Amino acid sequence: MPRVTDGGPDAATTHPPPVRAVDLARAAAGLAAHARDHASRWDQDGGLPDAVRKEVAASGLLAADLPERYGGAGLDPLTLGEITARIGGECSALRGLLTVQGMVAAALLRWGTGAQRADWLPRLAGGELTAGFAATEEGAGSALGSVETRIEASGPSDHQELVVSGRKRWVTFGAVADVFLVLGTYEGKPAAVLVDADRAGVEREPVNGQLGMRGARIAHVSFDGVKVPRHRLVAPPGLGLSHVAGTALDHGRFTVAWGCVGMAEACVEDAATHAAARRQGGIPLGDHQSVRSLLARAAVDAAGARQLARRAAEARAAGPGHGASETLMAKYAAASAAAEVSRAAVQVLGSAGCAPDSRAGRHFRDAKVMEIIEGAQQVSELHIAERLLRHFGDPARGTDHPVAPPLPGQSP
């Protein structure tokens, strides 16, 4: 697992990674092995056990890319990606825990005040708190600029509180989160605020039986006049979407991309293993040309996704604000690869792929969710095309005006 230095892609080295990174890689391998044996049960039961969340917290894998002064391991993007792929290849819900914790931590690291970083980041990295990112609403999925959750001031200016009112949907680990990073509007401007889950007015509605990510303790969360101190506002009003939520989503896309790489590679493994061992009428399943075609396309899709995810990691190694375009492309390609490869794997596996304990079958369901979260595929296509047009211009019209709204967190 080579480490990418701050010098960028050309500075990649082959020397061993730091001891802490090696320890975390071993911890990830152990968690992945445990998940291989139990992920199907977590999926069927509809929830990652609390004991597993505590095990992840104790491993040091939560928000491991945070600087060491905040309790993280300072992992570089490539090492973080490899760890995420290892876990995502076994269980998307377990990978989702790392993703949402990292999203909230990344937003606070970049846009939080010094007091907010000192207070919240060590507890997120240490697993003392489980975080939830509460952004999506009934009428605001990919279009987060349309959120209706209100953040209002209350009380005298010297002791002012904020009152949060709204309903959020599909909050990953929302059923068990200790704190939510909530996206809303304050004085007509996008804003983000930290809300403790145990405050009066916070109500959760666990979601069960959804298509995928069944172990991710997803919930719809209502905030009914919830009061929080004003200092819980993260960044000034007006920056809640483009900066705070934008940073969280960018981090989420990166880890989702690597998780999808792991899913695709796991499905290639399952399909090829089955095709090599299974015999039909005395003929190995893998001898059929149609099966070989499925396997070949699946392997190429998985390898391509890995290379784009690696490219994103190399771009992000330059520091905050770098690699957003590469990350968007990696997430788009990796989610597509996970969907296509898992479909092919289930086809090769046949009835075994439809069994309740099928890893490929579970990935098949989860992969469709990956094509929707952190920006649906169709929305990603618009943004990718926008960047091309902005970079090269449009000779036919003689203009380089964007054809789609800017991606949250990026300058127009």
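Our structure's up above, just so we're on the same page.
A few points on the structure. Once a new chain begins, its residue numbering starts again from 1 and follows that chain's sequence as written. A pLDDT threshold of at least 70 governs which residues receive local features in this predicted model, and a stricter bar of 80 or more applies before side-chain atom pairs are shown or counted, although totals over entire chains, interfaces and linings include all residues. To obtain the side-chain values, all non-hydrogen atoms of the structure were used and water was disregarded.

## Some details on the packing of helix H6 (residues 240–277) against helix H7 (residues 289–316)
How we decide: In this analysis an axis means a line fitted to C-alpha atoms, helices contributing only their contacting stretch, and an angle means the value between N-to-C directions, from 0 to 180 degrees. Secondary structure counts use DSSP, requiring at least four H or I residues in a row for a helix and at least two E residues in a row for a strand, with both numbered from the N terminus. Oblique is the label for any angle not under 35 degrees, not over 145, and not in the 65 to 115 range, which are roughly parallel, roughly antiparallel and roughly perpendicular in turn. Note on convention: near helix rotated counterclockwise from far helix by under a right angle means a left-handed crossing. Clockwise means right-handed. For this analysis, residues touch if any pair of their heavy atoms sits within 4.5 Å. All amino acids are sorted into three groups, where Ala, Val, Leu, Ile, Met, Phe, Trp, Tyr, Cys and Pro are nonpolar, Asp, Glu, Lys and Arg are charged, and the leftover types, Gly among them, are polar.
Two elements in contact, H6 and H7, have axes whose closest approach is 9 Å; the angle formed by their N-to-C orientations is 155°. The angle between the axes of H6 and H7 places the two elements in the roughly antiparallel class. When you trace H6 past H7, the crossing you get is left-handed. The residues of H7 that touch H6, namely those facing Asp-250, His-251, Phe-254, Trp-258, Val-261, Ala-264, Glu-265, Val-268, Ala-271, Ala-272 and Ala-275, are Val-291, Leu-295, Ala-298, Ala-299, Ala-302, Ala-305, Arg-306, Ala-309, Arg-310, Ala-312, Ala-313 and Arg-316. In terms of residue class, the contact of H6 with H7 is built from 17 nonpolar, 1 polar and 5 charged.

## A short note on the packing of helix H4 (residues 92–111) against H6
Between H4 and H6, whose axes approach to 8 Å, the crossing angle comes to 150°. With respect to H6, the axis of H4 lies roughly antiparallel. Remark: the crossing between H4 and H6 carries right-handed chirality. For the pair H4 and H6, the contacting residues are Ser-92, Arg-95, Thr-99, Gly-102, Met-103, Ala-106, Ala-107, Arg-110 and Trp-111 in the first and His-243, Val-244, Thr-247, Ala-248, Leu-249, His-251, Gly-252, Thr-255, Val-256, Gly-259 and Met-263 in the second. Classifying every residue of the contact of H4 with H6 gives 9 nonpolar, 9 polar and 2 charged.

## A closer look at the environment of Cys-91
To be explicit about the condition: Burial classification: accessible surface area is computed with a 1.4 Å probe over protein chains only, and a residue below 20% of its type maximum counts as buried, one above 50% as exposed, and the rest as partly exposed.
Structurally, the position occupied by Cys-91 is in the loop between helix H3 (77–88) and H4. For Cys-91, a relative accessible area of 4% translates into the label buried. Counting along the chain gives 268 residues from Cys-91 to Arg-359, while the straight-line C-alpha distance between them is 8.5 Å. Those residues in contact with Cys-91 that lie beyond four places of it in its chain are Ala-35, Ala-39, Trp-42, Arg-362 and His-363.

## A closer look at the packing of aromatic side chains
Counted only if it meets this: Only Phe, Tyr and Trp rings are paired, with Trp represented by its six-membered ring, and only when their centres lie within 6.5 Å; those with planes under 30 degrees apart are stacked, over 60 edge-to-face, the remainder tilted. Throughout this description, the term charge over a ring refers to an Arg CZ or Lys NZ atom that lies within 6 Å of the ring centre and within 35 degrees of the ring normal.
What the rule picks out here adds up to 1 aromatic pair. Seen from their ring centres, Phe-180 and Phe-223 are 5.7 Å apart, and the 85° between their planes marks the pair as edge-to-face. Note that Phe-180 is positioned in strand E4 (residues 179–186) and Phe-223 in strand E7 (residues 219–229), a separation of 43 residues in sequence. Each member of the pair, Phe-180 together with Phe-223, is buried. The cationic tip of Arg-123 hangs over the ring face of Trp-120; the distance from NZ or CZ to the ring centre is 4.7 Å.

## A short note on empty space enclosed by the protein
Stated formally: Whether a set of points on the 1 Å grid over the protein atoms alone is a cavity depends on a 1.4 Å probe fitting there but being unable to get out, while an open set qualifies as a pocket with protein on both sides within 12 Å along at least five of seven lines; lining residues are those with an atom within 4 Å of a point. Grid points are joined across faces, edges and corners, and a volume is the space filled by probe spheres set on the points.
In the structure shown here, the tally under the stated rule is 2 cavities of 30 Å³ or more. Estimates place the volume of the largest cavity at around 50 Å³. The wall of the largest cavity is formed by Leu-61, Leu-62, Ala-63, Ala-64, Asp-65, Leu-80, Thr-84, Leu-98, Thr-99, Gly-102, His-251 and Thr-255. Elements with a minimum of two residues in the lining of the largest cavity: H3, H4 and H6. With 3 residues, H4 is the single largest residue contributor to the lining of the largest cavity. Along the lines of polarity and charge, the residues of the lining of the largest cavity split into 6 nonpolar, 5 polar and 1 charged. Of the pockets and cavities examined, the second largest cavity occupies roughly 40 Å³. At the level of elements, helix H1 (19–45) and helix H9 (359–370) are the ones that each hand at least two residues to the lining of the second largest cavity. Per-element accounting of the lining of the second largest cavity gives the leading share, 3 residues, to H1. Its residues placed into classes, the lining of the second largest cavity shows 5 nonpolar, 1 polar and 4 charged.

## A look at the pattern of salt bridges
In a structure, side chains of opposite charge can pair up when their charged atoms sit close to one another. Using the following cut-off: A pairing counts as a salt bridge when a side-chain nitrogen of Lys or Arg comes within 4 Å of a carboxyl oxygen of Asp or Glu.
Under the defined criterion, the tally for this structure stands at 25 salt bridges. The residue Arg-41 makes a salt bridge to Asp-45 at a minimum N-O spacing of 3.5 Å. Of this pair, Arg-41 and Asp-45 are both found in helix H1, 4 residues apart, which corresponds to roughly one turn of the helix. Classification of Arg-41 by relative accessible area gives partly exposed; the value is 45%. For Asp-45, a relative accessible area of 54% gives the class exposed. Here Arg-390 makes a salt bridge to Glu-386, at a shortest N to O gap of 2.8 Å. Of this pair, Arg-390 and Glu-386 are both found in helix H10 (residues 377–392), 4 residues apart, which corresponds to roughly one turn of the helix. What makes Glu-386 buried here is its relative accessible area of 1%. Via salt bridges that share partners, Arg-36, Glu-90, Glu-269, Asp-270 and Arg-359 belong to a single interconnected network.

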